[in-house]
Every structure is written in C-alpha cells, then in structure tokens.
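Structural overview for review
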Amino acid sequence: MSRITLSRFLIEQQRKAGTLPPDLRLLIETIARACKAISFSVNKGALAGVLGEAGTGNIQGEAQKKMDVIANDYLLDANEWGGNLAAMASEEMELPYHIPGEYPKGDYLLLFDPLDGSSNIDVNITVGTIFSILHNPNGNLAPRETHFLQKGSAQVAAGYTIYGPQTMLVLTFGNGVHGFTLDREQGSFVLTHPDMHVPAATGEFAINMSNQRHWEAPVKRYIDELLAGKTGPRGRDFNMRWVASMVAEVHRILTRGGIFMYPRDAREPEKPGKLRLMYEGNPMAFIIEQAGGLATNGQQRILDIQPTGLHERVAVFLGSSEEVEIVTGYHQA
Ligand code: AHG
Ligand code: MN
Ligand code: MN
Ligand code: MN
C-alpha cells in the first residue's frame, strides 16, 4: 500500500462525514509546515547560529533561548495569513497575538509552546513544539483574553512535534492519536504510528527527583512506594527516566507506557505547578486521554479545569491509567 502522508490522512478524515472541517484541516497543515521549518532550524543548530541565549525573558520569568524566539516567530509567520485563525497565544508572549488587519480571519484560536524543553537545545537533546486549537466563541472577531479561557475538554485538536532522532508530528482531533514521521527528502510527514495507545500498566516513572524535599505528602508517598521496589507495597521494581522535555516524556509514554509527573511543590507555593495549563497541560492531556491514558492534577481531570489566566500553571500526573489512578487516589485520601 502506498504511503499515507499527513495531507492524504487529513483529506480522508475530512471525507468521513463531519470528523474534520476543511478549515481545521488547513490549519493543521499550516502548523505542520511551521514545525517542519522549526525542525530544520533545530537540526542545523550551531551551523545556523540558533543555539544559546536570546538575552530576553518571557512572561513566565524564564530566560529565553534564541530558538524559543525563532520557533515562536515561525509559528506566527506561518499562521497569520492563512485565514483560519482569530488569534494566537504562546508561552513566549504575554498577550494574545491578533491577526493583522490585512489578512482574513477565521474562527479558531491557536495556542502553543513553540519550543518545549528548551533547556535541552544547547546540549543536543530532544525538544518539541506543543499546540492546542480551540473555537473562538467570538467567531472571527478578535477574541478577548477570556475567550481563550476554555476548559481543555473544549479543544478541537491538539498535537506536538518532537525533534529527536526523528522528527515526528503526533496529532489528535478527538478521533484517536496518530503519529507521522518527517521524511526529510520528500519534505512530508508520513503516517507511521496510526492509533497510538498508552498501555494501562507500566514499570516506568518520570519526575524530577531533585525536588523531592519540596513535594506534598501524596507525591512523597507514591514515589517512596515505587522506590521501595520488590520488597515494598508495590511488590515490584520501577525504572525512572527524566529528559526535562515534556514532549519527549509524553512520546515515550505513548510508545511504551509510563507515568509523567510535575507536581506542585513548596518552592513556589502560590503556583499550582510549573507547567502551563493552556500550552502544555491541556494539549498533552487531550492526547493522552485519546490514547487511552489518564491526565489529572491530583484532584481532577486536567481537561475539566476552568482556566482563569492565559499563563496559568497546573500540576500534572499523566500516562498509564493504573499509575495515574493510584497517585490521584493518594491526593484524595
Ligand atoms: P519549556 O522548555 O517549554 O519552558 O518547558 C520545560 C518544561 C517541560 O518540558 C519539562 O518537563 C520541565 O519543564 C522540566 O523542568 P525541570 O527543569 O524543572 O526539570
Ligand atoms: Mn519556557
Ligand atoms: Mn514546555
Ligand atoms: Mn517552551
């Protein structure tokens, strides 16, 4: 059978009545094109002078890497003229980006983390791009910030691109999770991982252990039990991985299972966690649930949280359902 490119996959989904509107298909194609450009920049690295610090900071209080800014610009440039969007929002921009007056508007909102795991870019370790698509409740009129503040369950599509040994685009629009590998010679994403599933059981966890002393009691208890191994309450050994790129951790979990955690902790007690609800928590929760896994903040489904700010943080427990259920249960005990 001939190869199924992203374009063909999307057109065939569009033909299946009602599953994918044409303007959403075009928007996803545009995002994929921007991610291809980001992939080429990331791969060129020092050859293109894209490594190192930008010398600026973002609204999150983080020092921006050059590649954070470049990836953000690629996504803005590719998406502003296509006519499918009312506005965009990004981890790297304090305020929403409105579509310039000369371009037609559409009724979708695009939110993104242009470069996830950007502390890894200078050391040649996997980074990614995460995106989330919402309907604009204001139609194709410019949205106010409140129009972005929809629960994750309202997302019409979400995905990420992983820039690793291979560049892959992983996508859902509520119809399962599908992975495409970039064929660099052909210049197209090819369906290589149809219908990805997260195994319910796992022996692998991911958490930044250096924050252990700052964790809350339910997280301490859960990790202590995993670390106790065969002679502990879980009666078996667990392995640990921490890449410090959420995209890489989620991709590993989609491939072979696992649980990823970034809990709230006592370093910044006023914040519910480090990761961003709109650019990281919601899109990854949508993908993981569509692949049969679970995603909570310890208290509730991430997709059920009512956002109150564009750059709001969230605690994240996601992945194989058996483990997410246990650690979520400990928060409710
Ligand atoms: P970003 O690079 O977009 O700011 O996100 C980094 C996030 C996430 O990808 C990763 O899981 C986590 O931060 C790593 O945090 P630590 O450096 O605290 O481990
Ligand atoms: Mn960042
Ligand atoms: Mn990120
Ligand atoms: Mn980022």
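Note that the structure is predicted; figures quoted are calculated from it, not measured.

1. Some remarks on the sheet that holds strand 11 (residues 204–206)
Strand order across the open sheet formed by five strands is 12-11-13-17-15, with mixed pairing between neighbours. Whereas interior strands pair on both sides, the edge strands pair on one side only; in this sheet they are strand 12 (239–240) and strand 15 (294–296). Contacts from helix 8 (residues 321–332) reach strand 13 (259–262), strand 15 and strand 17 (316–319), with the element oriented near 155° to strand 17.

2. Description of the UniProt feature "binding site: substrate" (unreviewed entry) in the chain
In this numbering, the UniProt entry assigns the feature "binding site: substrate" (unreviewed entry) to Asp116, Gly117, Ser118, Ser119, Asn208 and Lys274. Turning to its location among the elements, Gly117 is positioned in the loop between strand 5 (108–116) and strand 6 (127–135). Residue classification places Gly117 among the buried residues on the basis of 21 C-beta atoms within 10 Å. Residues in contact with Gly117, not counting those within four places in the same chain, are Thr126, Val127, Gly128, Val243, Ala244, Ser245, Met246, Val247 and Ala248. With respect to the element layout, Ser118 can be found in the loop between strand 5 and strand 6. With 23 C-beta atoms packed within 10 Å, Ser118 lands in the buried category. Those residues in contact with Ser118 that lie beyond four places of it in its chain are Lys65, Met67, Asp68 and Val127.

3. Some thoughts on unusual backbone geometry
The phi angle of most residues is negative, glycine excepted, and most peptide bonds adopt the trans form. Although it is not a glycine, Asn124 sits at a positive phi angle of roughly 60°. Assignment of secondary structure puts Asn124 in the loop between strand 5 and strand 6. Phi at Asp195 is positive, roughly 55°, even though this residue is not glycine. As for its placement among the helices and strands, Asp195 is situated in the loop between strand 10 (188–193) and strand 11.

4. A look at the UniProt feature "binding site: Mg(2+) 1" (unreviewed entry) in the chain
In this structure's numbering, the residues bearing the UniProt feature "binding site: Mg(2+) 1" (unreviewed entry) are Glu91, Asp113 and Leu115. Across 25 residues, the annotated set stays spatially compact, with a maximum C-alpha separation of 9.1 Å. Following the sequence through the fold, Glu91 ends up in the loop between strand 3 (85–90) and strand 4 (97–98). Judged by local crowding, Glu91 falls into the buried class, with 25 C-beta atoms found within 10 Å. Setting aside residues no more than four positions away along its own chain, Glu91 makes contact with Asn58, Gln60, Asp113, Pro114, Arg276 and Tyr279. Relative to the helices and strands, Asp113 resides in strand 5. What makes Asp113 buried here is the crowd of 29 C-beta atoms within 10 Å. Not counting residues within four places of it along the chain, the set of residues in contact with Asp113 comprises Glu91, Thr129, Ile130, Arg276, Tyr279 and Glu280.

5. Remarks on helix 8
Along its twelve residues, helix 8 runs 16 Å from first to last C-alpha, staying within 8% of the 16 Å computed at 1.5 Å per residue. Ser321, Glu323, Val324, Val327, Thr328 and His331 are the residues of helix 8 that are buried. Each buried residue of helix 8 sits inside an arc of 165° when the element is viewed along its axis, so together they form one side. Along its buried surface, helix 8 packs onto helix 5 (217–227), strand 13, strand 15 and strand 17.

Each value, and the rule that gives it
- Residues numbered from 1 in each chain as written.
- Chains lettered and ligands numbered in written order.
- Predicted model: local features only at pLDDT ≥ 70, side-chain atom pairs only at ≥ 80, totals over all residues.
- Pairing = 2+ DSSP bridges.
- Helix = DSSP H or I, 4+ residues; strand = E, 2+ residues; numbered from the N terminus.
- Contact = placed C-beta atoms within 7 Å.
- Axes fitted to C-alpha atoms, helices over the stretch in contact; angles between N-to-C directions.
- UniProt positions renumbered as here; feature names shortened; annotations may be inferred.
- Buried ≥ 20, exposed ≤ 12 C-beta atoms within 10 Å, placed from the backbone.
- Expected span 1.5 Å × (residues − 1).
- Arc of directions from axis to C-beta.

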